[in-house]
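Notes for the structure review
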Amino acid sequence: MARYQKLKLKQYAPIQERETNESKYWKSYTLSKEEMFYGAPNCIHFNPIRPRNFIVTGSSRITLYDANTNNSQRSYTRFTDEAYSGKYRYDGKLIVAGDKSGYLKVLDVTTKVILRQLRKHTSAVRATGWSCDGLHMFSGSDDKTAKVWDLGTQEVVWDNTKPNSDSNNSHTDYIRSISNSPIASDVFVTGSYDHSVKLWDTRQGNSCVNTFQHSAPVQHCEITNSGTMLLSIAGNELYVWDLLSMNHSHSNSTTNTTSHTDTQLLHKFASHQKDISSFCIDTSNNNKVLTCGLDGYIKVHDMSSMQVVHGMHYKDPLCSIGVSPDSKKLIVGHVNGNLTMRTRVDKKQSSPSEASEDINGSSSSSSGAKHYKGLGSAVDLNKNTASPVSSLD
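Anyway, here's the lowdown on the structure attached to this text. (Residues numbered from 1 in each chain as written. Predicted model: local features only at pLDDT ≥ 70, side-chain atom pairs only at ≥ 80, totals over all residues. Heavy atoms only, no water.)

Here we take up the pattern of salt bridges. Any two side chains of opposite charge can pair, given that their charged atoms come close. With the rule as written, the count across this model stands at 9 salt bridges. A salt bridge links R126 to D142, with the nearest nitrogen and oxygen atoms 2.8 Å apart. Of this pair, R126 sits in strand β10 (residues 125-130) while D142 sits in the loop between β11 (136-141) and β12 (146-150), and the two are 16 residues apart along the sequence. According to the relative accessible area criterion, R126 is partly exposed, its value standing at 23%. The shortest N-O distance in the salt bridge between R176 and D142 comes to 3.2 Å. (Salt bridge = Lys/Arg side-chain N within 4 Å of Asp/Glu carboxyl O. Helix = DSSP H or I, 4+ residues; strand = E, 2+ residues; numbered from the N terminus. Buried < 20%, exposed > 50% of the residue type's maximum accessible area, 1.4 Å probe, protein only.)

And the structure:
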C-alpha cells in the first residue's frame, strides 16, 4: 500500500502580531452608548467649535448631544414634517435644516427659536448648507432646483431655474446633496439622482461651471477643506475628483454641451457590496475618508495611498456617519433607527501615519463590531495616470 507524506498545515502568526497601526487605531474606538433614535438618522453633524457637541437629524426633529456624556441636551421639534440635513454654521451658533414640506429653517442653537422660515421650494428640501462666510444658506430640493438664500434679507439671491437656462445647467432629478467650498463663498456643488454632480459659481450667473458624470444616482458629495478636490458617492462607489483639472474640459458650441477628460477622476473605490449611503472626512487623521453602506460595513479609505486600509462590520444597514473634528467621536446611524456612539480611548497612541504591511485578516472587538484589517487595493480606472494625493488640506 502506497504511503503518503503528511500534509503540513500552514502556520499563521497570531492576530495581535499581524495587526497594523490602522487596525489598532480604529479598534480603540470603544462603544460608549447605543440608543434608539426617533427615526432613521439622515444627517450627523459636529459643532466646529469646542466642546464638539453634535446634532442628529431624523424623523421630525433635530437632537443635540453632549460630546462628553453622549446624553441628549435638547431637541428642536419645530418641524411639522420630517426634517433633513441639520448643519451647524461655522461659529456653532446657528443651525440650518430643511423639511419635507419644502421649508428651509434657521434655528438658534441656545434658545431653539426659529430665526428664519423660508419657503420657495415646491417639494421636500433634503440638502442644506452654509457658505463659508456664514451669510448665505444653500438648499437643494426634490423639485430639482438649488437656491442660495441671503440670511439678512431672507431672499433668494441665486437659483438655477431661469427661463432661458439650457438643459445642461439644470438637474433632471431629485437633488439629494449640496456642499459649499471652504475657500470661496460663491462656489458650491450639488449632487442629484440624475447621476451627476454640478459645480456652480454664483458670480457666473446660473450657468453650470462643470458637470461630473456618475454611473448611478448620487447620494452625497463634498468639497474637501483645501477646496481642490471633490468626493462623491454613487451606487457602491466612492469617486475622487480633481477640481484643478477643469482646464482639460472643452465645450461643443453646436450641441451646447461640455465634455471632460478622464484626468478629472483621480480614483474610484468600489469596496462595498451594496450602495454607499453616506461618508465623512476625518480631517485630523491624515484625511481618511469613512464610508458607510447598506451592507452594514464601514470602510476607511486612505487618500495618500488610494487604498482601503480598514473596515468594520455592523449587523444592520447603515445610513449616516460622522467623525468629530478632533477624531474623538465616531457616530453611526442605522436604517432601523439605532444610533451608535463610539469614543476613542487615547492610550498615548497617535493616529496611524501609514500602513506599511499587507493586511488580510479579521478580528472581532468586544463591542460586537467586526473589524477587517484591510480589504485589498481599491479599483483604479487609470492605473497609468492616477496619481496618489498627499493631503486633502
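A separate point is the side chain of S324. Topologically, S324 is positioned in the loop between β28 (318-323) and β29 (329-334). Within the structure, S324 has its side chain in polar contact with the side chain of D326 (distance 2.6 Å). (Polar contact = N/O pair within 3.5 Å; in protein donor to acceptor, adjacent residues only side chain to side chain.)

Residues in a regular strand project their side chains so that they alternate between the two faces of the sheet. In terms of burial, β10 is a largely internal element, 5 of the 6 residues being buried. With 5 bridges joining them, β10 and β11 adopt antiparallel strand pairing. Paired with A127 across the strands is G140, a residue of β11. Hairpin connection, β10 to β11: the antiparallel pair is bridged by 5 residues, and G134 has positive phi, about 75°. (Pairing = 2+ DSSP bridges.)

Another point: the packing of aromatic side chains. The full count for this structure, using the stated rule, is 12 aromatic pairs. With centroids separated by 5.2 Å and ring planes inclined at 10°, the aromatic side chains of F54 and Y65 adopt a geometry described as stacked. Taken together, the residues F54 in strand β3 (residues 54-58) and Y65 in strand β4 (residues 61-65) connect sequence positions 11 residues apart. The two residues F54 and Y65 agree in class, both being buried. These aromatic residues form a ring-pair network of at least three members: F138, W158, F188 and W200. A cation over an aromatic ring shows up here: R89 above the ring of W130, its NZ or CZ 5.7 Å from the ring centre. Across from the ring centre of Y103, 5.1 Å away, lies the NZ or CZ of R119, which sits over that ring. (Phe/Tyr/Trp six-rings, centres within 6.5 Å; stacked < 30°, edge-to-face > 60°. Lys NZ or Arg CZ within 6 Å of the ring centre and 35° of its normal.)

Turning our eyes to something else, we now look at the sheet that holds strand β6 (residues 83-88). The strand order across the open sheet built from 4 strands is β6-β7-β8-β9, with neighbouring strands paired in antiparallel fashion. The open sheet has two free edges, formed respectively by β6 and β9 (114-118), since each of these has just one partner strand. Taking the axes of each pair of neighbouring strands and ignoring which way they run, one obtains an average angle of 15° across the sheet. The pairing of strand β7 (residues 94-99) with strand β8 (residues 104-108) spans 5 bridges and is classified as antiparallel. Along β8, the bridge assignment pairs V96 with V106. (Axes fitted to C-alpha atoms, helices over the stretch in contact; angles between N-to-C directions.)

In short, the description is geometric, and any link to function would need to be established separately.
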